[in-house]
Amino acid sequence: MNLNIQHFFDNATSTLSYIVWDADTLDAVIIDPVLDYDPVNMLFSEESLAELLTFVNAHNLNVHHILETHIHADHITGAARLREKIGAKLVAGSLVPVIQETFVKMLNLDGSEVNPEVFDVLLGDEAEMTSGSLRIKAIHTPGHTPACTTYQIGDAIFTGDTLFMPDFGTGRCDFPKGSAETLYNSIQKLYQLPDETRVFVGHDYQPGGRELAFETTIGTCKLTSKNLKA
């Protein structure tokens, strides 16, 4: 597998999306796509999705799956729109129903919103799947939310809001059913990976006004993470 990774940055929400592909086969996945939303005028738009699709078409990629690291609170996912446009299947961690059930209770809904079938694939902890020639492993990393999932593809992991660049540290834990203790245990699990494992983060808030950064390593996080050193 000849792994290639291209990042895309949404300035409005500081969100990073990724296209990951095998240069030998052109099989690809998209991770955490953004649907643009203007909260002032309450309008959706698809500029971010168009950027992803332009890249896909320019490189003749075959996108088989769209991976969600978690249910996002700070942006609207573009995964369903992409599924409509390119026919790729939606993937999430198998604990997504916990999120749905939590908000059904909080908002006093009737329960019909608990519908994990909106995703095509729900991956358990340590479960593996293939996406063309790509081999993907799901690592459940709850704490930020109960259903956060890190995806490992080759020597790279995509951590969503679990682990950020070392100068920012880790994700927050104050969402419903979030847990600092659980997040600590999840990151300790990631810290068992080889030090050279590449880490691609879900957000970069550019502390101190520094330039955008989105890639680090497990070894660097263990040595220098602002919140959690090994």
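Since the model is a prediction, treat every value here as computed from it, not as a measurement.

In this structure, what is going on with the sheet that holds strand 7 (residues 76-77)? I would like to understand it.
Strand-to-strand pairing in sheets goes through backbone hydrogen bonds, with the strands running parallel or antiparallel. Strand order across the open sheet formed by 3 strands is 5-4-7, with antiparallel pairing between neighbours. Lying at the two open borders of the sheet, with one neighbouring strand each, are strand 5 (43-45) and strand 7. Where strand 4 (residues 34-38) and strand 5 come together, 3 bridges link them in antiparallel fashion. Each residue of the ladder has a partner; that of Tyr 37, found in strand 5, is Phe 44.

Mind showing me how you'd approach the pairing of strand 2 (residues 15-22) here?
Side-chain direction in a regular strand flips from residue to residue, so the side chains alternate between the two faces of the sheet. Of all 8 residues in strand 2, 8 are buried; the element is thus mostly enclosed. Here strand 2 shows a buried face lined by Thr 15, Ser 17, Ile 19 and Trp 21 and a second buried face lined by Leu 16, Tyr 18, Val 20 and Asp 22. Pairing of strand 1 (residues 3-10) with strand 2, which is carried by 8 bridges, proceeds in the antiparallel orientation. From the neighbouring strand, Leu 3 faces strand 2, where its bridge partner is Asp 22. Where strand 1 folds back on strand 2, the antiparallel hairpin that results is connected by 4 residues, among which Ser 14 adopts a positive phi of roughly 55°. As paired elements, strand 2 and strand 3 (residues 27-31) share 4 bridges and run antiparallel to each other.

Sorry if this is basic, but what is going on with the pattern of salt bridges here?
Side chains that differ in charge, positive against negative, can pair when their charged atoms come close. Tallied over the entire structure, the rule returns 12 salt bridges. Arg 81 is the partner of Glu 46 in a salt bridge, and the nearest nitrogen-oxygen pair spans 2.5 Å. With Glu 46 in the loop between strand 5 and helix 1 (47-58) and Arg 81 in helix 2 (residues 79-86), the pair connects residues that are 35 residues apart, well separated along the chain. We classify Glu 46 as partly exposed; its relative accessible area is 26%. Owing to a relative accessible area of 29%, Arg 81 belongs among the partly exposed residues under this scheme. Residue Glu 128 pairs with Arg 135 through a salt bridge whose shortest N-O separation is 2.9 Å. A relative accessible area of 44% places Glu 128 in the partly exposed class.

When you look at unusual backbone geometry in this model, what are you seeing that I'm missing?
Glycine aside, the phi torsion of most residues is negative, and most peptide linkages are trans. Backbone geometry places Asp 32, a non-glycine residue, at a positive phi of 55°. Under the relative-accessibility criterion, Asp 32 is labelled buried at 3%. For Lys 177, which is not glycine, the phi dihedral falls at a positive 65°. Along the polypeptide, Lys 177 turns up in the loop between strand 13 (156-158) and helix 4 (180-190).

Looking at this model, I keep getting lost on the state of the cysteines. Mind explaining?
A covalent bond between the sulfur atoms of two cysteines is what we call a disulfide. For the structure shown, the criterion picks out 0 disulfides. No disulfide involves Cys 173; its nearest neighbouring cysteine sulfur is the one of Cys 148, lying 9.3 Å away. Cysteine Cys 221 remains unbridged, with the sulfur of Cys 173 as its closest cysteine sulfur at 16 Å. The class of Cys 221 is buried, set by a relative accessible area of 0%.

What is the right way to read the nonpolar core from this model?
Tyr 18, Val 20, Val 29, Ile 153, Phe 158 and Val 201 are the most contacted members of the largest nonpolar core, which has 36 residues in total. It is strand 11 (residues 134-140) that contributes the most residues to this core, 4 residues altogether. Each residue touching Ile 153, except ones within four places of it in the same chain, is listed here: Leu 3, Val 20, Val 29, Leu 134, Arg 135, Ile 136 and Phe 158. Listed in part, the 23 residues of the second largest apolar core include Leu 35, Leu 53, Leu 61 and Ile 66.

Hey, could you run me through the side chain of Thr 15 in this one?
With respect to the helices, strands and loops of the structure, Thr 15 is situated in strand 2. On the basis of relative accessibility, which here comes to 1%, the residue Thr 15 falls in the buried class. Of the polar contacts made by the side chain of Thr 15, one reaches the side chain of Thr 13; its length is 2.7 Å. When residues no more than four places from it in sequence are discounted, the contact partners of Thr 15 are Phe 8, Phe 9, Asp 10, Asp 32, Val 34, His 75, Gly 202 and His 203.

Can you walk me through the environment of Leu 123 in this structure?
Considering the arrangement of structural elements, one finds Leu 123 in strand 9 (residues 121-123). Classification of Leu 123 as buried rests on a relative accessible area of 6%. Sequence separation between Leu 123 and Glu 51 is 72 residues; the distance between their C-alpha atoms is 28 Å. Residues contacting Leu 123, with those up to four places away along its chain left out, are Val 91, Ala 92, Gly 93, Ser 94, Met 129, Ala 138, His 140 and Tyr 151.

Quick notes on the rules
Numbering of residues begins from 1 in every chain and follows the order in which that chain's sequence is written. Where totals are concerned, whole chains, interfaces and linings use all residues; where local detail is concerned, this predicted model gives features only for residues with pLDDT of at least 70, and gives and counts side-chain atom pairs only at 80 or more. Water and hydrogen atoms were dropped before computing side-chain values, which therefore reflect all heavy atoms in the structure. A strand pair is defined by DSSP finding two or more bridges across the two strands. Where helices and strands are cited, they refer to DSSP runs of H or I of at least four residues and of E of at least two residues respectively, numbered from the N terminus. Only protein chains enter the accessibility calculation, which uses a 1.4 Å probe; a residue whose area is less than 20% of its type maximum is buried, one above 50% is exposed, and one in between is partly exposed. One speaks of a salt bridge when a side-chain nitrogen belonging to Lys or Arg is within 4 Å of a carboxyl oxygen belonging to Asp or Glu. Any two cysteine sulfur atoms lying within 2.5 Å of each other are counted as a disulfide. Residues belong to a common nonpolar core when they are buried Ala, Val, Leu, Ile, Met, Phe, Trp, Tyr or Cys residues joined through side-chain atoms within 4.5 Å. Pairs of residues are marked as contacts when any of their non-hydrogen atoms sit within 4.5 Å. Polar contact is defined as a pair of N or O atoms within 3.5 Å, subject to the rule that within protein one atom must be able to donate a hydrogen and the other to accept it, and that residues adjacent in sequence are counted only when both atoms are side-chain atoms.

As far as function goes, none of this settles anything; it's purely spatial.
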